[in-house]
Amino acid sequence: MKGCAFLNSCDLYIGLAPTQFADDQVKIYWVLSFMKGDCAACFTDQTMQLAQQTGSLPWVTWAGF
């Protein structure tokens, strides 16, 4: 439930400030920067390690994320 509320808040902010997000990758990185607690932090750490190894995030689109 908290995850859905978090993503809804992110979608709302992104919708209100679209010029701050040049593309989907920026949106994903921005959201990951707020994922700091418990399982979310582990998810972000694993995602960033993978991105550093491969040179890109595992998701190409915001919808895919």
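Below is a summary of the structure that appears in this document. Since this is a predicted model, take the numbers as computed values, not measurements.

## Remarks on the overall build of the protein
So, step 1. Looking only at helices and strands, the protein features 3 helices and 0 strands.
So, step 2. Taken from N to C terminus, the helices and strands of the protein fall in the order α-α-α.
So, step 3. Expected size for 65 residues packed as a compact globule is a radius of gyration near 11 Å; at 12 Å, the protein falls within 12% of this value.
So, step 4. A buried classification covers 25% of the 65 residues belonging to the protein.
So, step 5. When contacts within the protein are restricted to residue pairs at least 6 apart in sequence, long-range pairs at least 24 apart make up 45% of them.

Rules and cut-offs
- Residues numbered from 1 in each chain as written.
- Predicted model: local features only at pLDDT ≥ 70, side-chain atom pairs only at ≥ 80, totals over all residues.
- Heavy atoms only, no water.
- Helix = DSSP H or I, 4+ residues; strand = E, 2+ residues; numbered from the N terminus.
- Rg over C-alpha atoms; globule rule 2.2 N^0.38 Å.
- Buried < 20%, exposed > 50% of the residue type's maximum accessible area, 1.4 Å probe, protein only.
- Contact = heavy atoms within 4.5 Å.

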